[in-house]
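Each chain, letter by letter, is given below.
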Amino acid sequence: MRIFKGGRSVDKIQQLADYIDRSHAMVAITGAGISVAGGGVTYGQMRFSSRGIGVRRGSDESSFLPTYLETMFSYQPSFAHYALADLEAEGKLIGIITTNVDCMHTIAGSKNVAEIQGSLQVNCCSKCGRHCDGYEIWKQEELPRCKTCGGSILPWPLYSHIGLWDADVRKAREWMAEADLILVIGTRGNYGDVYWSCRRKDAVIVQINPGHTGFDGVASLNIRQGSDDAFRSLKAVRNGNE
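A brief report on the enclosed structure follows. Because the structure is a prediction, the values reported are computed rather than measured.

Description of the overall build of the protein
Alright, step 1. Across its full length, the protein holds 10 helices and 8 strands.
Alright, step 2. Considering only contacts within the protein whose residues lie at least 6 apart along the sequence, 62% involve residues at least 24 apart.
Alright, step 3. For the protein, the exposed area adds up to about 11,500 Å²; of that, 48% sits on carbon and sulfur atoms.

With respect to the side chain of Gln117
Alright, step 1. By the secondary structure assignment, Gln117 is in the loop between β3 (113–115) and β4 (123–125).
Alright, step 2. Side-chain polar atoms of Gln117 contact the side chain of Tyr191, separated by 3.4 Å.

Thoughts on the packing of aromatic side chains
Alright, step 1. Scanning the entire structure with this criterion turns up 1 aromatic pair.
Alright, step 2. When the centroid spacing of 5.3 Å and the interplanar angle of 70 degrees are considered together, the rings of Trp196 and Phe215 count as edge-to-face. Taken together, the residues span a long stretch of sequence, with Trp196 in the loop between α9 (192–195) and β7 (204–208) and Phe215 in the loop between β7 and β8 (221–223) at a distance of 19 residues. For the residue pair Trp196 and Phe215, the accessibility class agrees, reading buried in each case.

A closer look at the side chain of Gln121
Alright, step 1. If you trace the backbone, Gln121 turns up in the loop between β3 and β4.
Alright, step 2. A polar side-chain atom of Gln121 sits 3.2 Å from a polar atom in the side chain of Thr106.
Alright, step 3. Excluding anything up to four places from it in sequence, Gln121 contacts Cys103, Thr106, Glu115, Asp133, Gly134 and Tyr135.

Considering the packing of helix α5 (residues 79–89) against helix α10 (residues 227–241)
Alright, step 1. Following both chains from N to C, one finds α5 and α10 inclined at 45 degrees, their axes separated by 8 Å at the closest point. With respect to α10, the element α5 is oriented oblique. Considering the relative orientation of α5 and α10, their crossing is left-handed. Between α5 and α10, the residues in contact are Phe79, Ala80, Ala83, Leu84 and Leu87 and Ser227, Asp228, Phe231, Arg232, Lys235 and Arg238, respectively.
Alright, step 2. Here the residues of the contact of α5 with α10 sort into 6 nonpolar, 1 polar and 4 charged.

Rules used throughout
Residues numbered from 1 in each chain as written. Predicted model: local features only at pLDDT ≥ 70, side-chain atom pairs only at ≥ 80, totals over all residues. Heavy atoms only, no water. Helix = DSSP H or I, 4+ residues; strand = E, 2+ residues; numbered from the N terminus. Contact = heavy atoms within 4.5 Å. Areas by Shrake-Rupley, 256 points an atom, 1.4 Å probe, with all protein chains shown as cover. Polar contact = N/O pair within 3.5 Å; in protein donor to acceptor, adjacent residues only side chain to side chain. Phe/Tyr/Trp six-rings, centres within 6.5 Å; stacked < 30°, edge-to-face > 60°. Buried < 20%, exposed > 50% of the residue type's maximum accessible area, 1.4 Å probe, protein only. Axes fitted to C-alpha atoms, helices over the stretch in contact; angles between N-to-C directions. Parallel < 35°, antiparallel > 145°, perpendicular 65-115°, else oblique. Left-handed = near helix turned anticlockwise from the far one by under 90°. Nonpolar A, V, L, I, M, F, W, Y, C, P; charged D, E, K, R; others polar.

Remember, this is a structural readout, not a statement about activity or role.
Dropping the structure here:
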């Protein structure tokens, strides 16, 4: 059942604050919308910027989207990224499930992040298969090379062809089975049986998105705002409730 249908934004933010206060296990699901506020690049833009760039597994003749990398490290986590990290530190948020590969949740301070499509933290040599994990290796002027064989380092989204990172998928499923409150932030898809079908059937679902998505019909509360605006308002309301 939908509440505050057509109601004022402040009423909806207060309702969200009430949900959070009552929750014992909250999970956030995030997509590109949480990053674009800070200047982030979406997967669609990443593919566009890579036209004409070839990647061959087993070869050191590869390039990794210099436009994407330059853009990624020129912006910072958004207000919403930091707000989620604060909710985790408060003990309210048990985990974040994201399709973003930009590592911004980690940079913002979140510890429990399931990057189900991998990220720039999971990297592998295209020649010998040696792992070189950590996003810091991309913060350099030249594309990184394997210290063992000299091959090109590729991040998981490239060498897996945007496949699923199984270890993080397992975490996502465990969190969804436990969550009594699910925040859906800036994403349009629920990835079906990957993790969504594992959710508790009595979990409250709240969507934060300025546009309409497939979550509209299943959310108890739809907040039609950008994530930064919504979390700034939430912070003000929760501080006022103290």
